Amino acid sequence: MITKSDWDTIQHELLDVDQQHPLGDPPTVEEMLAYTRGELSPEDEERVRRLLVLHPELAHALTAPLPEEDAAPGEDGHLPPEELTRRWTELRRSIHGDGGSVVQFWRRASLAIAAALVLAIGGLLGQARWSAHRLQAELARPRAASEYVVLMPDGQRGRPHRPVRLAPNADSTMLVAPLVGSESMDGYRLRIRNESGAVIWTSEPLHLRDDDTFAILVPRAFLKSGKHQVVLYGIDGTREEQLATYSLTVP
Amino acid sequence: MTIWKAGGGSRDELFEAIYRKYYARVWRLYRSSKVADDEAHDLAQDTFKRFYEHMPQFRGETEAVWSFLQVTARRLLLNRIRARLTGKRNGLHVDLDDPDLAFELAAPEEPDYAEREHQTLRRNRVRQAVAELTEGQQQVLRLWVQGLKYTQIAETLRVSVDAVKSRLRDAKKHLRARLGDDR
């Protein structure tokens, strides 16, 4: 008599045979279908046969007969009409959109993105136009400098080198750079350098004022925190000559 | 009256008629292959989505529709099983001798040495008896103990149903002779 325990051992033993002789990955779907149609070479046919034995769930799926009729009510595998209708609604939604179909999703998403872009670009254009208009209006109006600073040339004899420190909360600063002890030039130019020495602003050619100074109105937002240097150049024909530097610190 | 006439004119109306006629059968195929109910519905819906995509190719042949659904359903089912098997094969394997494994094995109950000795001898005899079967007999036996029907085993091995029956009969006969009544 073969007991249940024996059958368990038999099953285990048959499984073990497969562990000892690994055959690789399960066959592909195409291989399995070609196998059933007898289209494989003898070697491949033998390999697929062994793999199907090794994976009985594949063998079952490949050979399971499809039901020719619906199961009657009460039978195993019967699908009630309301369940059928519910699944139909899901399927239709999935095919025709409402969040289900990929094509529908991207079509809707593209339209939404395009609409959002139109709105965003329109908004940006509107905002830019309004900002330009406001700026133009502000520039046309008188504006007071909230700070007036006279810069002292660096390296003056008898004076310790101490950069001018700007006020922390000023909106804009009038910087006045005096020309001390230099002979008169055809023209002048001012440049502002940041802490790393890079030129961040260059003036048009300037003429010396009657009080031998140059004045520039600088919005505070233009100057970042740190040390800066205003450099004065004299223009002689096509040549520029550095005449003085003025150091300042922005808090 | 064919589905194409009963379904009316539009593609969607025809599709609904085909769905109502075949959906339950397709779903039953998945269920019969031990696929969980929700997943069986998902697979059945995928089958019908594929049919919907290919629908313009059909020109009113009802048999062709059912044939298409069968092939598609079987392909999806095989793909699903194969993906699961491949995932299993490539899954993480833990070495039982790994010193990092912290769990402790439960202490065995007090062994009945005589009973264990008998079971070990019996298992060895079963192993020996199975090893003596021909490869064809082992294949049939394995598919049979996994619950496949004669026709399915025959189709799997590409042999006749009579050959399946014969191999199975011989295998059982051999096992009975080797294992006998001695327990």
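Residues numbered from 1 in each chain as written. Chains lettered and ligands numbered in written order. Predicted model: local features only at pLDDT ≥ 70, side-chain atom pairs only at ≥ 80, totals over all residues.

1. Here we look at the overall build of chain A
Check the secondary structure of chain A and you find six helices and eight strands. Across chain A, helices and strands are ordered from the amino to the carboxyl terminus as α-α-α-α-α-α-β-β-β-β-β-β-β-β. For chain A, buried positions account for 15% of its 251 residues. The long-range share in chain A, meaning contacts at least 24 apart out of those at least 6 apart in sequence, stands at 62%. (Helix = DSSP H or I, 4+ residues; strand = E, 2+ residues; numbered from the N terminus. Buried ≥ 20, exposed ≤ 12 C-beta atoms within 10 Å, placed from the backbone. Contact = placed C-beta atoms within 7 Å.)

2. Concerning the sheet that holds strand 3 (residues 172-178) of chain A
Residues and elements named next belong to chain A. Taking strand neighbours across the sheet as the criterion, the three strands line up as 1-3-6 in an open arrangement whose pairing is mixed. A strand with exactly one partner marks an edge of an open sheet, and here the two such strands are strand 1 (147-150) and strand 6 (213-219). Geometrically, the sheet is characterised by an average inter-axis angle of 20 degrees between neighbouring strands, direction not taken into account. In terms of strand pairing, strand 3 meets strand 6 through seven bridges, oriented antiparallel. Within the sheet, the bridge partner assigned to T173 lies in strand 6 and is V218. (Pairing = 2+ DSSP bridges. Axes fitted to C-alpha atoms, helices over the stretch in contact; angles between N-to-C directions.)

3. Some points on the confidence of the model for chain B
Confidence in the prediction for chain B averages 81 pLDDT; 80% of positions are at 70 or higher. Scored as a complex, the prediction yields pTM 0.55 and ipTM 0.78. (pLDDT = per-residue confidence, 0-100.)

4. So, the interface of chain A and chain B
How big an interface is tends to be expressed through the accessible area that disappears when the partners come together. Listed per partner, the contact involves 41 residues of chain A and 49 residues of chain B. Looking at the side of chain A that touches chain B, the elements with two or more residues in it are helix 1 (4-20), helix 2 (29-36), helix 3 (42-54), helix 4 (56-63) and helix 5 (81-96) of chain A. Taken together, the residues of the side of chain A that touches chain B sort by class into 25 nonpolar, eight polar and eight charged. (Nonpolar A, V, L, I, M, F, W, Y, C, P; charged D, E, K, R; others polar.)

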